[in-house]
Every structure is written in C-alpha cells, then in structure tokens.
Amino acid sequence: MKIAIIQEWLVTVGGSDKVVKAIADVFPDADIYTLVAKKQVCDELGIDWNKVHTSFIQKLPLGVKKHRMYLPIFPFAIEQFDLRGYDVIISSSHAVAKGVLTKADQLHICYCHSPIRYVWDMYHEYLEESGLTKGLKGYLAKYMLHRIRKWDLISSFRVDYFISNSDYVGRRIQETYRRDAVTIHPNIDISNFDLCVEKEDFYLTSSRLVGYKKIDLIVEAFSRMPNKKLVVIGGGPNLEKIRKIAGHNVTVMGYQSFAVLKEKMQKAKAFVFAADEDFGMIPIEAQSCGTPVIAYGRGGSLETVKEGVTGLFFYEQTVESIIGAVERFEKLETSFDPKIIRNHAETFSEERFKKEIKEFVELKYNEFNHLVK
C-alpha cells in the first residue's frame, strides 16, 4: 500500500496530532499532507519533516501563525492536494481533512474526531463566544459557516469508511452525515505517566482555558468550598477571567510544563472534568496516574470513566452539581483503588490503538482491492 495521511494542521502538540503520529508509526512510509505545519512541532512529535507536504496557506501572510483566519478557504485549499499516486488515503479530521479529492480506485478511510463542531452542534455557542450573533460581521460569519456546512456534508460522501474516536462521535457522524462508523478510541501514551498511590489534599483540573471547557464552573464551585483546595493548570484566552473569580483556596498556575502537570496529576486526590468532550484524553492521563476522575456525565467521559470504580459523574454543568459530586466523592474516596484505576487506563494504550488501526486499514484495503479487481 502506498499511503497518504491527511491532517488539518500540525502547529501544536494536541490529541489529533498524536493520532497522526501513531498512524505514521504504523505506516512509516506514508506521506503526510496538511494545510499548515511547524517544523518544531513535527520534530517534537517525532514526525519526519521531509514527509510533510503543506498547502498554499503555509506561504500566505501569517498563514501558519494565524491560520484560522483563512477558514473560508480551508475547503478549497484541502482540495488542491494531488493524491493520485496513493492507494490508501487516511484522513484525521475534525474540520476539513476528510474533504480531499480521491479517485474511484483509491480507498479513503477517515478517522473522525468530530464533525466540524462550530458549524454543527456548537454553532450557536461559537457565534456567542465570538461576539458574532448580531451586526454585519455576524451575518457574514453565519453565511460563511452556512457555506462550510453545505461543503462539509457533501465532502462526507468522499469517504469510504468512517472511524469515530468514540461511540459518542459515532452517533454524531450518523446524525450529521447519515453514515455508520466503527469506534477506535484514540491513543494515550500511558508510558509517560506513572502510578502514584500516595495522594495529597488537593483537587486538579487542567485544559485549555476556553469557554466550552467550563473551567469557570469548577473554579466557582471550589471557591464556594473554602476548605477544599483546587489547582488549575492551563493557558488560554480565559486565563485572567479565571484568576479573577478564583477564591483563596484556588491556585491558578497558567500554562505549565509536562513535568509539572504530571506531578500534579499523580498527587491530586481527584481530577475534575466539566467539559462535554468528544472523547477527552486528559481524564485517561489522570487515571493512568491512579487518580480518580469527577466528570460531567455526558459525551466521551461515559466511555473513559467507570462510575464507582475509576471515578464518578455529575449530570449538570452547574456549580451546584459539581459541589454535590465533590461531596459524594469525599464520602467514597477510600473506595477508589489507584492500581485498579491505572489498569483501566491501560486499556486505552498506544499499542492497542496502533494494532486496531493496522488491522482495520489492512482488512478494508483487502476488501476494497477484491471489489475493484
């Protein structure tokens, strides 16, 4: 098989970027196509820069640094990649990667992190957070997103097989594209995290500080529980807002190195997670340290946290619901076994992901070849 891997961009080390790296490990001769990329990010991921092909956006003014400003031309740009020389196309898509153009004798498998959230299920939240609900800019943004929504639906028919990163996303693929998907949970490098059975007297939350992560709710909840300590790790546009609402018992550390995050994950008595995520890697990373998770009981968390075994759920994104969950956790705290929690996290290992991806691609390639020939 001659394989091309498609990714929207490689400019930060995030979950989808680690998925691309793992797929590239499985198929080391594959070429990687992406709208924009940073060499230092590829080096950090361990991706061979010589195998990375970027779009014309890479050379536009601020094309790499401010690539999101070119959103209206993303669909056009992804269609310009010439993939005629490949047998198999594997797209890692949360926006436009799945929209590449292929021929009838090429197999296209899409690993879908989500249908484009800001044009589908988070459309209204995106407009509100961006201040684009009214006025001329708002109407232009709505029209642009309408056009992308139509293209996104049309481009879904270019995919032969969908893989979803969770059953939750699989249901959204069915709802949005009317296509079936097989779930293969993404890779978590469990080996980067060490089990710690001795916990300290503080809770931890960590993510990029943006609205939908709901870190503000967690901070408000703990500010109302002055006898409980919370540590917040992460940078982002809402950092100063979070610092302003934090009580004296809440330590907002901002962005920290992996070493600091890992140490806090190991020592925390529990990790608090309030986002409605497609999958959510960081709760698994916490569990790989033997740390239980207090999570919002919706979305990917229902597939990564085992109620009463590796953590517990709250079912409303409210301050009161989080407070109630923390109080319930403290009554059950001694029943959580760090070793059992770690064993559960290991079921999401990178080795498992690579094995499942390899088997799926080879099976579908053999089936496809049989049909074509």
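All values reported here derive from a predicted model rather than from experimental measurement. (Residues numbered from 1 in each chain as written. Predicted model: local features only at pLDDT ≥ 70, side-chain atom pairs only at ≥ 80, totals over all residues. Heavy atoms only, no water.)

J.: Where do I start with the overall build of the chain in this structure?
T.: For the chain, the helix and strand inventory stands at 14 helices and 13 strands. At 21 Å, the chain has a C-alpha radius of gyration in line with the 21 Å of a compact globule built from 373 residues. Seen through its C-alpha atoms, the chain measures out along the principal axes to roughly 65 × 50 × 40 Å. Relative to its 373 residues, the chain shows a buried fraction of 55%. Considering only residue pairs separated by 6 or more positions, the chain has 63% of its internal contacts joining residues 24 or more positions apart. Carbon and sulfur atoms form 52% of the exposed surface of the chain, whose accessible area is close to 17,200 Å². Positive and negative side-chain charges in the chain, numbering 51 and 49 respectively, have mean positions lying 5 Å apart. (Helix = DSSP H or I, 4+ residues; strand = E, 2+ residues; numbered from the N terminus. Rg over C-alpha atoms; globule rule 2.2 N^0.38 Å. Buried < 20%, exposed > 50% of the residue type's maximum accessible area, 1.4 Å probe, protein only. Contact = heavy atoms within 4.5 Å. Areas by Shrake-Rupley, 256 points an atom, 1.4 Å probe, with all protein chains shown as cover. Lys, Arg positive; Asp, Glu negative; His and termini not counted. Charge placed at Lys NZ, Arg CZ, Asp CG, Glu CD.)

J.: Even after reading the chapter, I still don't get the pairing of strand β11 (residues 270-273), so can you show me in this structure?
T.: For a regular strand, the rule is simple: side chains alternate between the two faces of the sheet. Side-chain alternation along β11 places Ala270 and Val272 on one buried face and Phe271 and Phe273 on a second face that is also buried. As defined by bridge partners, strand β8 (residues 203-206) adjoins β11 across 2 bridges and the pair is classed as parallel. Residue Tyr203 lies in a different strand from β11, and its bridge partner there is Ala270. What joins β11 to strand β12 (residues 293-296) is helix α10 (residues 282-288), and the crossover it makes is right-handed. (Pairing = 2+ DSSP bridges. Right-handed = clockwise from strand over helix to strand, strands pointing away.)

J.: Help me out: how do you make sense of the packing of helix α7 (residues 215-223) against helix α12 (residues 319-332) in this one?
T.: The geometry of a pair of packed helices is captured by two quantities: the angle between their axes and the separation between those axes. As a packed pair, α7 and α12 sit with axes 9 Å apart at the nearest point and diverge in direction by 60°. When the interaxial angle is binned, α7 and α12 end up oblique. As for how α7 packs across α12, the hand of that crossing is right-handed. Contacts between α7 and α12 pair Leu217, Ile218, Glu220, Ala221 and Phe222 from the former with Val319, Ile322, Ile323 and Val326 from the latter. Of the residues that constitute the contact of α7 with α12, the class distribution is 8 nonpolar, no polar and 1 charged. (Axes fitted to C-alpha atoms, helices over the stretch in contact; angles between N-to-C directions. Parallel < 35°, antiparallel > 145°, perpendicular 65-115°, else oblique. Left-handed = near helix turned anticlockwise from the far one by under 90°. Nonpolar A, V, L, I, M, F, W, Y, C, P; charged D, E, K, R; others polar.)

J.: Is there a simple way to think about the pattern of salt bridges in this case?
T.: According to the stated counting rule, one finds 28 salt bridges in the structure shown. Where Lys354 meets Asp25, a salt bridge forms, and the shortest distance between an N and an O atom there is 3.1 Å. Separated by 329 residues along the polypeptide, Lys354 in helix α14 (residues 350-372) and Asp25 in helix α1 (residues 15-26) bring together distant segments of the chain. Under the relative-accessibility criterion, Lys354 is labelled partly exposed at 23%. A salt bridge links Glu277 to Lys213; the shortest N-O distance between them is 2.2 Å. With a gap of 64 residues between them, Glu277 in the loop between β11 and α10 and Lys213 in the loop between β8 and α7 connect regions that are remote in the sequence. Classification of Lys213 as buried rests on a relative accessible area of 15%. (Salt bridge = Lys/Arg side-chain N within 4 Å of Asp/Glu carboxyl O.)

J.: What exactly am I supposed to notice about the UniProt feature "domain: Glycosyl transferase family" (unreviewed entry) in the chain here?
T.: The sites that carry the UniProt feature "domain: Glycosyl transferase family" (unreviewed entry) are, in the present numbering, residues 198-335. Between the C-alpha atoms that bound residues 198-335 there is a distance of 14 Å. The span itself is 37% helix and 18% strand. (UniProt positions renumbered as here; feature names shortened; annotations may be inferred.)

J.: Help me understand the nonpolar core, please; the structure alone is not making it clear to me.
T.: The nonpolar side chains of a soluble globular protein tend to be buried, and buried together. The biggest cluster of nonpolar side chains holds 38 residues, and the ones touching the most others in it are Ile5, Ile23, Phe27, Ile32, Ile47, Phe353 and Ile357. Listing elements by their share of this core, those giving two or more residues are β1 (3-10), α1, β2 (31-37), α2 (39-45), β4 (88-93), β5 (107-112) and α14. Not counting chain neighbours up to four residues away, the residues in contact with Ile32 comprise Ile5, Leu10, Val20, Ala24, Ile47, Lys51, Val52 and His53. Listed in part, the 32 residues of the second largest apolar core include Ala4, Ile6, Phe81 and Ile116. (Core = buried A, V, L, I, M, F, W, Y, C linked by side-chain atoms within 4.5 Å.)

J.: I'm lost on unusual backbone geometry in this one. Help?
T.: Excluding glycine, most residues fall at negative phi; most peptide bonds, likewise, are trans. If you check the backbone angles, Leu62 has positive phi at about 55° while not being a glycine. Positionally, Leu62 belongs in the loop between β3 (52-54) and α3 (74-78). Here Lys214, not a glycine, exhibits a phi torsion of approximately 60°, which is positive. Along the chain, Lys214 falls in the loop between β8 and α7. You can call Lys214 partly exposed: its relative accessible area is 27%.

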